[in-house]
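Each chain is listed here by its residues.
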Amino acid sequence: MYRERLNVPLWWWLAAPAAAGLLAAEVYLGAPGYATVLPYTVLVPAVVFGLWWAGRVRIAVTPDELQVDDARLPLRFVGAVAPLSPLQTRDLLGPVAEPYAFVIQRPWVGTAVRVDLTDPADPTPYWVISTRHPGELAAAIDASRVGSDG
């Protein structure tokens, strides 16, 4: 069993609300009354919500399937699984990308895993999944796949 959440980096939680606070201070700087409070009540919560939303992606490997955010892939359709370095990830998302590939990529996570599909009815050739632990995720998928075959 494997679980991971692709949270945004901790320093974003410090820097982004601070930047939103500075922007809010500039918007109605010197405005009279409640107009001064309005940018703070809108911008700072919006930034906090955006950070939460960006880091909500969860990855899980169960005995029967690979779960990435809302997507589910039965392990019986998983072929080769390969951990990718940051350079390999960049290449697979850029020059050698397959247009029908399923991609869950987060720019703050440099490494990924490529999961090839064996389902002939599915036009998706592979999944590319951002992960901070590509070796562990690939091993968990392989272990669950072998366990579900037997």
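Since this is a predicted model, take the numbers as computed values, not measurements.

## Regarding the sheet that holds strand S8 (residues 126–130)
And step 1. Pairing in this open sheet of four strands is mixed, and the strands run S5-S7-S8-S6 from one edge to the other. In this open sheet, the two strands that pair with only one neighbour each are strand S5 (78–84) and strand S6 (102–104). The sheet shows a mean angle of 15 degrees between the axes of neighbouring strands, taken without regard to direction.
And step 2. By the bridge criterion, five bridges tie strand S7 (residues 112–117) to S8 in an arrangement that is antiparallel. Bridging from a neighbouring strand, Val 115 pairs with Trp 127 of S8.
And step 3. Sheet contacts for helix H3 (residues 86–93): S5, S6, S7 and S8; angle to S5, the most-contacted strand, approximately 125 degrees.

## Section: the sheet that holds strand S2 (residues 58–61)
And step 1. One open sheet holds the four strands; their spatial order is S1-S2-S3-S4, and the pairing between them is antiparallel. Where the open sheet ends on each side, the last strands, each with one partner, are strand S1 (2–5) and strand S4 (71–74). Shown here is a sheet whose adjacent strand axes are inclined to one another by a mean of 10 degrees, direction ignored.
And step 2. Note that S2 and strand S3 (residues 65–68) share three bridges and pair antiparallel. Looking at S3, one finds that Ala 60 is bridged to Gln 67.

## Section: the pattern of salt bridges
And step 1. On inspection of all chains with the given rule, the structure shows five salt bridges.
And step 2. Across the pair Asp 91 and Arg 90 runs a salt bridge whose closest N-O atoms are separated by 3.6 Å.

## Quick look at the side chain of Arg 106
And step 1. Tracing the sequence through the fold places Arg 106 in the loop between S6 and S7.
And step 2. Lacking a salt bridge, the buried Arg 106 has Asp 69 as its closest oppositely charged neighbour, with an N-O distance of 5.3 Å.
And step 3. Beyond its immediate sequence surroundings of up to four residues, Arg 106 is in contact with Leu 6, Ala 54, Arg 56, Val 57 and Ser 130.

## Looking at the environment of Leu 38
And step 1. Looking at the secondary structure, you find Leu 38 in helix H2 (residues 38–54).
And step 2. Separated by 10 residues in sequence, Leu 38 and Tyr 28 have C-alpha atoms that sit 8.4 Å apart.

## So, the nonpolar core
Across soluble globular proteins, nonpolar side chains show a tendency to be buried alongside one another.
And step 1. In this structure, Ile 59, Leu 66, Val 115, Trp 127 and Ile 141 are the most contacted members of the largest nonpolar core, which totals 27 residues.
And step 2. For this core, the secondary-structure elements that each account for two or more residues are H2, S2, S3, S4, S5, S7, S8 and helix H4 (134–149).
And step 3. Take this core: its biggest share by element is four residues, from H4.
And step 4. When residues no more than four places from it in sequence are discounted, the contact partners of Val 115 are Leu 66, Leu 73, Val 78, Ala 80, Val 81, Tyr 126, Trp 127, Ile 129 and Ile 141.
And step 5. By size, the runner-up hydrophobic cluster in this structure holds six residues, among which are Leu 92, Ala 101, Ala 112 and Val 128.

Rules and cut-offs
- Residues numbered from 1 in each chain as written.
- Predicted model: local features only at pLDDT ≥ 70, side-chain atom pairs only at ≥ 80, totals over all residues.
- Heavy atoms only, no water.
- Pairing = 2+ DSSP bridges.
- Helix = DSSP H or I, 4+ residues; strand = E, 2+ residues; numbered from the N terminus.
- Axes fitted to C-alpha atoms, helices over the stretch in contact; angles between N-to-C directions.
- Contact = heavy atoms within 4.5 Å.
- Salt bridge = Lys/Arg side-chain N within 4 Å of Asp/Glu carboxyl O.
- Buried < 20%, exposed > 50% of the residue type's maximum accessible area, 1.4 Å probe, protein only.
- Lys, Arg positive; Asp, Glu negative; His and termini not counted.
- Core = buried A, V, L, I, M, F, W, Y, C linked by side-chain atoms within 4.5 Å.

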